[in-house]
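Examination of the molecular architecture
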Amino acid sequence: MAETLTRAQAFCARYGLQVPILLAPMAGACPASLSIAVANAGGMGAMGALLSPPPAIRDWVAEFRSSSRGPFQLNLWIPDPAPVRDAAAESRVRDFLARWGPAVPPSAADIALPDFAAQCDALVDIAPTAVSSIMGVYPPSVVDRLKARGIWWFATATTLAEAQRARTAGADAIVAQGYEAGGHRGAFDPAAAERQGVGLFALVPRLADHIDLPIIAAGGIADGRGVAAALTLGASAAMLGTVFLRCPEARTHPAWANALDRLEPEDTVLTRAFTGRLGRSIATTFVAAAAARDAAPPAPYPVQRGLTAAMKEAGAAAGDHHRMQVWAGQSAAMAKPIPASDLIAEIWATARALL
């Protein structure tokens, strides 16, 4: 076990951590307050910046840096090609969604995402400890600018082939995302996400045996036993997300936070119903209905995200998690309503003792 701890300590020394625990960059669910608490407790903070234009990214970073000198990462999705639109199919989705919330106008499908190039410019200018990617790899021009600024790149991969692509593209570390993870699957090919359902205990050693980069284990890790297991399997650090959602600093909607309490692993499910991209959420009545044979198939990303926005907003306003986008990993039941600093201290103390 000495080698395992030495590997983790080397990772911490390189990236400025005191403990090998990183907050997962959960878009829409990682306010600066949570990252401040995580970083000040010795871990690494994170912002999922997918839906944030550059001014919002800068505001988040300014708030973080006003209260912490710790490390943090900024995460972006690698954009998909423009979706193929189908007006008739979108109409069927709107009709289905009208049973769950307000009527959805056709214009809801015309969702505009922030400009990716402008987001990349902001990340390079801000110079966080690291940037991370999901759904693919950064273009060479962006990678060159990151390296020139001394910014580390953590690339998410769900298979060995994806990890090898990321290493070739210049990644500094690989985030091994297991099937157990909450939120969106990071598969490079959207159509292959269901088929590439590799569990973390199979993925981490596979990557560790074939990739000469640090491995950050993500997916279903929620206590010290999980961290110790991930490090033993060859990871250098662990990335945790769902377990922090009940911490007060996360400011999670109460309906979402309460739904995580005692949530069984089998009560989470992979679905495309919220955004058109595959992700793991609580198995709500809406998710179950969307999977029924007579339900309208979801539109592609990001069209489905736009179409479901009104329902999700109405659900949040009513405190009805069954109509909200409630992502959750399979270890959600381990989340506790305690300060993030206490949670990190407890997790690492247990992991250290086991190692």
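The preceding data block contains the structure.
All of these numbers come straight from a predicted model, not from anything done at the bench.

1. Details of the sheet that holds strand β10 (residues 268-271)
As summarised here, the arrangement of the three strands in space is β7-β11-β10, forming an open sheet in which the pairing is antiparallel. At either margin of the open sheet sits one strand with a lone partner, and together these are β7 (183-184) and β10. In this sheet, strand β11 (residues 279-282) lies alongside β7 in antiparallel orientation, the contact comprising two bridges. By the bridge assignment, Gly183 is partnered in β11 with Arg280.

2. Concerning the sheet that holds strand β1 (residues 21-23)
Sheet architecture is open: eight strands sit in the order β1-β9-β8-β6-β5-β4-β3-β2, paired in parallel fashion. Edge strands, defined here as strands with exactly one partner in the open sheet, are β1 and β2 (45-48). Taken pair by pair, the neighbouring strands of this sheet meet at an average axis angle of 25°, ignoring direction. The sheet contact formed by β2 and strand β3 (residues 72-77) spans four bridges and is parallel.

3. Concerning the layout of surface pockets
Considered as a void within the structure, the largest pocket measures approximately 650 Å³ in volume. Surrounding the largest pocket, 38 residues form its lining, Ala24, Pro25, Met26, Gly182 and Gly183 being those nearest its centre. Of all the secondary-structure elements, those providing two or more residues to the lining of the largest pocket are β3, β4 (130-134), β6 (173-177), β7 and β9 (237-240). Of the residues forming the lining of the largest pocket, the biggest block, three residues, is contributed by β3. Class assignment of the residues belonging to the lining of the largest pocket gives a composition of 22 nonpolar, 15 polar and one charged. Put simply, the second largest pocket is a space of about 370 Å³. Lining of the second largest pocket is provided by 13 residues; of these, Gly28, Trp256, Lys312, Met324 and Gln325 occupy positions nearest its centre.

4. Some thoughts on the side chain of Gln196
Relative to the assigned elements, Gln196 resides in the loop between β7 and α8 (200-210). The buried category is assigned to Gln196, whose relative accessible area is 14%. What Gln196 contacts, discounting residues up to four positions off in sequence, is Thr158, Thr159, Glu162, Arg185 and Ala187.

5. Concerning empty space enclosed by the protein
To locate leftover empty space, one rolls a probe as large as a water molecule over the atoms. Here the structure, examined in full by the defined rule, presents one cavity of 30 Å³ or more. When its volume is computed, the largest cavity comes out at roughly 50 Å³. Lining the largest cavity we find Val93, Phe96, Leu97, Ala273, Phe286, Ala290, Ala296, Pro298 and Gln304. For the lining of the largest cavity, the secondary structure elements donating two or more residues are α4 (87-97) and α11 (285-290). Considering each element in turn, the lining of the largest cavity owes the most residues, three residues, to α4. Broken down by class, the residue content of the lining of the largest cavity amounts to eight nonpolar, one polar and no charged.

6. A few points about unusual backbone geometry
Here the bond from Tyr301 into Pro302 is cis, since omega is 0°, no more than 30 degrees from zero. For Pro302, the location among the structural elements is in the loop between α11 and α12 (303-318). A positive phi angle, close to 75°, is found at Met135, a residue other than glycine. Within the secondary structure layout, Met135 lies in the loop between β4 and α6 (140-148). Residue classification places Met135 among the buried positions, given a relative accessible area of 3%. Located in the positive-phi region is Arg262, a residue other than glycine, with phi close to 60°.

7. Some remarks on the packing of aromatic side chains
Tallying each qualifying case throughout the model produces 14 aromatic pairs. On the basis of an interplanar angle of 35° and a centroid distance of 6.0 Å, the ring pair of Phe96 and Phe286 is categorised as tilted. A residue pair is termed long-range when its members are at least 10 positions apart, and Phe96 in helix α4 and Phe286 in helix α11 qualify at 190 residues. An identical accessibility class is assigned to Phe96 and Phe286; each is buried. On the numbers, 5.6 Å between centres and 45° between planes, the contact of Phe274 with Phe286 is tilted. On the criterion of sequence distance, the pair formed by Phe274 in the loop between β10 and β11 and Phe286 in helix α11 is long-range, its members being twelve residues apart. Across the pair, exposure class does not vary: Phe274 and Phe286 are buried alike. An aromatic cluster is built from Phe96, Trp100, Phe274, Phe286 and Trp327, whose rings are joined through pairwise contacts. Just above the ring of Tyr179 sits the side chain of Arg280; from NZ or CZ to the centre is 4.7 Å.

Conventions and cut-offs
- Residues numbered from 1 in each chain as written.
- Predicted model: local features only at pLDDT ≥ 70, side-chain atom pairs only at ≥ 80, totals over all residues.
- Heavy atoms only, no water.
- Pairing = 2+ DSSP bridges.
- Helix = DSSP H or I, 4+ residues; strand = E, 2+ residues; numbered from the N terminus.
- Axes fitted to C-alpha atoms, helices over the stretch in contact; angles between N-to-C directions.
- 1 Å grid on protein atoms, 1.4 Å probe; cavity = no way out; pocket = protein on both sides within 12 Å on 5 of 7 lines; lining within 4 Å.
- Points joined across faces, edges and corners; volume = space filled by probe spheres on them.
- Nonpolar A, V, L, I, M, F, W, Y, C, P; charged D, E, K, R; others polar.
- Buried < 20%, exposed > 50% of the residue type's maximum accessible area, 1.4 Å probe, protein only.
- Contact = heavy atoms within 4.5 Å.
- Phe/Tyr/Trp six-rings, centres within 6.5 Å; stacked < 30°, edge-to-face > 60°.
- Lys NZ or Arg CZ within 6 Å of the ring centre and 35° of its normal.

Purely geometric numbers; function is a separate question.
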